Amino acid sequence: MFKNYLFFKKVPHLIWKNILNKNFSSISHILDKNGVGDVITVKGWIKSLRDQKEHIFLDVSDGSTAKKLQILLPKKLKPEDVTTGASVVVSGPLTLSPKGQIELIANTIEVYGKCVVSEGYPFAPRKQYAPEYVRQYLHFRPRTNKFGALLRLRNAATLAIYNHFNSEGFVNVHTPILTSNDCEGAGEVFKVVPDNKNLIKSMSKEGQIEDEAYFNRKSFLTVSGQLHLEVVAHGLSKVYTFGPTFRAENSKSRLHLSEFYMLEGEIAFVEKLDGLIACIEHAIKQVTKKLVNDSIEDIEKCQEKKVSFDWVDKTFPVVTYKEAVTILSKNTDKFRGNFDSKEGFGKEHEMFLVEYFGKVPTFVIDWPKDMKPFYMRDNGDGTVAALDLLGPNVGEIVGGSLRENNYEELLKKIPNYNGHLDWYLDLRKFGSVPTGGFGLGFERYLQLILGITNIKDTIPFPRWPHNCSL
C-alpha cells in the first residue's frame, strides 16, 4: 500500500516535468526571464498582425501578462488561417529585435483555432469599444486587453486579501450560500426551491407549503455571511469570509449587482468602533499598496480614468452622522435634489463628503438606529455604533458595526421574532463577548482603485435585473 502511495504521489510530478521538458512557458515568464537564445514554445492568441515584405510580425498574448510577445514569422511558414484573433502554437528561438525587444523567430507555427472576423467575431484589431458594447459579448470579453487586465487584477486583489488577513491572524471561514436567514431584514432575498415539482411533492409533509418542503423551512441565497461569522468568532476570535452574496433588488444602477462578492470580517472582544475602523483602514491600505507595487501595469491598462492613490498614506477622516448632516445641510445648493437627513445619504451626498475631506476615504459613524439593521449595538442616544466607509468615485464601499451583545436588548430588536434566531440569541447567553464586524463590497473596491464607472465591468459574469446571460 505504501508503494502504491509513492507511485501516485510521483505521477503528477512526472507529468508536469514532461510538460516542462517541452520548453513551454507563459509569456509572462518568458519576458521576465529574458532567456535570449532559448528555444521555446508559446501558445496564445494573435492580437495584431503586421505584414511586411519577407516577414510577418505577430503580437501574441496568452493572458498571463498585459504585455505581448512579438513573433517574427517568415512568410514561407505562414499558414492560411493566421489572422488576428486566431489561436496558435509557435516554436523557435528567442532573440532581440533591433530595438532591443525580446522576440521569437518562428521555426514552426500551427493554428489551433481560426478566427474569421467577417463571420461574426465582434472585435476588430486595434479598435476601441465602449464598455456597453463589450458587455454584450461576455463570452469574448476576457480576450480584450482591458478586461484581461481586470481579471488578472481581480485575481491579484483576491490573493492580497487572503494574504493580508492570514498575516493578521484571521481564520478564513466558508460561510454558507444557502441560508434560512435574511441577515439585513430588508426582504431582498432570492428564495431557493427545487425546480423538480415531483421532488417537492414527494418531500412535502401534510400541511407544509412547497417553499419549505426541501429544508423544512424557507431558504434563501445569502445576503451576508455575517451571522455565521459571529458564530465562529465566538470560538476563534478573528475570522473572515470572502465569497458571493445576493440581492434581489430591482436596481440597474452603475453601483448595483444581483450577485457580487463580499469580504466580511468579524472580531471578538472589540468594545469600541476605533478598533474596527483601524482594522478596515489598515486592510484597505495594505491591499491597495500591494496592488500598486505589483500590478501597476494591469491597473493602468484597465483604469477608465486616472486614479490618485495619495490616500494610502493619509489617515482616513472619521465623522459622525450628525456632523456629516451639518456639512451637507450647509451645502444644499450643490445638490441636484433636496437633502433630507431623515432619508439618509444619496450617492451625490456620499461623493460630496469624500470631496469635502480631500478625496480621502471617509468613515461616517454613529448612525440613527432606525436606519440600520437590528443587530447593531445601541449607543443609548438614538444612534447605533455603526460605520460606513465612503470612497472616491463610488461612495459606500464598507459597512460595519459593533454587534449588540446584550441578550435582552437583542431580543427586543429582532423584527417579527418567532424563535427563528434562538441560536443567535444563544451566543449572547453562553460565553458572550463584545464583537464587531464589517463587509466590503469587492466590486466597489475595484471601482474605487480603477475609476471604473459601471460595476458590471468589474466582474466576469455580471447579473442584474432582466440579465442573467451565460
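Look up: the structure comes first, before these words.
The paragraphs below set out a description of the structure included in this document. Since the model is a prediction, treat every value here as computed from it, not as a measurement. (Residues numbered from 1 in each chain as written. Predicted model: local features only at pLDDT ≥ 70, side-chain atom pairs only at ≥ 80, totals over all residues. Heavy atoms only, no water.)

### Regarding the pairing of strand E11 (residues 259-268)
1) Next: Of all ten residues that make up E11, eight are buried, and the element is covered over most of its length.
2) Next: Where E11 and strand E16 (residues 435-441) come together, seven bridges link them in antiparallel fashion. When the bridges of E16 are listed, isoleucine 267 appears paired with glycine 436. (Buried < 20%, exposed > 50% of the residue type's maximum accessible area, 1.4 Å probe, protein only. Helix = DSSP H or I, 4+ residues; strand = E, 2+ residues; numbered from the N terminus. Pairing = 2+ DSSP bridges.)

### Some remarks on the pattern of salt bridges
1) Next: For the structure shown, the criterion picks out 21 salt bridges.
2) Next: Two residues, aspartate 51 and lysine 75, come together in a salt bridge whose shortest N-O distance is 2.9 Å. With a gap of 24 residues between them, aspartate 51 in strand E1 (residues 39-51) and lysine 75 in the loop between strand E3 (69-74) and strand E4 (87-96) connect regions that are remote in the sequence.
3) Next: On the basis of relative accessibility, which here comes to 52%, the residue aspartate 51 falls in the exposed class.
4) Next: Here glutamate 266 and arginine 403 are joined by a salt bridge, their closest N and O atoms 2.9 Å apart. Here arginine 403 lies in the loop between strand E15 (395-402) and helix H11 (407-413) and glutamate 266 lies in strand E11, a separation of 137 residues in the sequence.
5) Next: On the accessibility criterion, arginine 403 (4% relative accessible area) is buried.
6) Next: Residues joined in a network through salt bridges with shared partners are Glu230, Glu266, Arg403 and Arg428. (Salt bridge = Lys/Arg side-chain N within 4 Å of Asp/Glu carboxyl O.)

### So, a nonpolar patch on the surface
1) Next: Residues Ile177, Leu178, Leu199, Tyr214 and Phe215 make up a contiguous nonpolar surface patch of about 410 Å² in total accessible area.
2) Next: By the element assignment, tyrosine 214 lies in the loop between helix H5 (197-203) and strand E9 (220-221).
3) Next: Residue classification places tyrosine 214 among the partly exposed residues on the basis of a relative accessible area of 42%. (Patch = residues over 30% accessible without salt bridge, like charges linked within 9 Å, V, L, I, M, F, W, Y side chains within 5 Å. Areas by Shrake-Rupley, 256 points an atom, 1.4 Å probe, with all protein chains shown as cover.)

### So, the pairing of E1
1) Next: Pairing geometry for E1 and E4, over seven bridges, is antiparallel. Bridge pairing in E4 links tryptophan 45 to serine 87.
2) Next: Note that E1 and strand E2 (residues 55-61) share six bridges and pair antiparallel. Its bridge partner lying in E2, tryptophan 45 is registered against serine 61.
3) Next: The loop that links E1 with its antiparallel partner E2 comprises three residues.

### A few points about the side chain of glutamine 447
1) Next: As for its placement among the helices and strands, glutamine 447 is situated in helix H13 (residues 442-450).
2) Next: When near neighbours in sequence (up to four residues on either side) are disregarded, glutamine 447 contacts Arg254, Leu255, Asn393, Val394, Ile452, Thr453, Asn454, Ile455 and Thr458. (Contact = heavy atoms within 4.5 Å.)

### Some thoughts on the packing of helix H4 (residues 145-167) against helix H7 (residues 273-294)
Two measures define how a pair of helices packs: the angle their axes make with one another and the distance between the axes.
1) Next: Contact geometry for H4 and H7: axes closest at 9 Å, N-to-C directions at 135°. By the angle between their axes, H4 is oblique relative to H7. When you trace H4 past H7, the crossing you get is right-handed. Residues Leu153, Ala156, Ala157, Ala160, Ile161, His164 and Phe165 of H4 form the contact with H7, whose participating residues are His282, Ala283, Gln286, Val287, Lys290 and Leu291.
2) Next: In the contact of H4 with H7, the residues fall into nine nonpolar, three polar and one charged. (Axes fitted to C-alpha atoms, helices over the stretch in contact; angles between N-to-C directions. Parallel < 35°, antiparallel > 145°, perpendicular 65-115°, else oblique. Left-handed = near helix turned anticlockwise from the far one by under 90°. Nonpolar A, V, L, I, M, F, W, Y, C, P; charged D, E, K, R; others polar.)

### Some details on helix H9 (residues 321-329)
1) Next: Of the positions making up H9, those classed as buried are Tyr321, Ala324, Val325, Ile327 and Leu328. Taken down its axis, H9 places every buried residue within 160° of arc, on the same side.
2) Next: In the core, the buried residues of H9 are packed alongside strand E12 (318-320), helix H10 (347-356) and strand E13 (362-368). (Arc of directions from axis to C-beta.)

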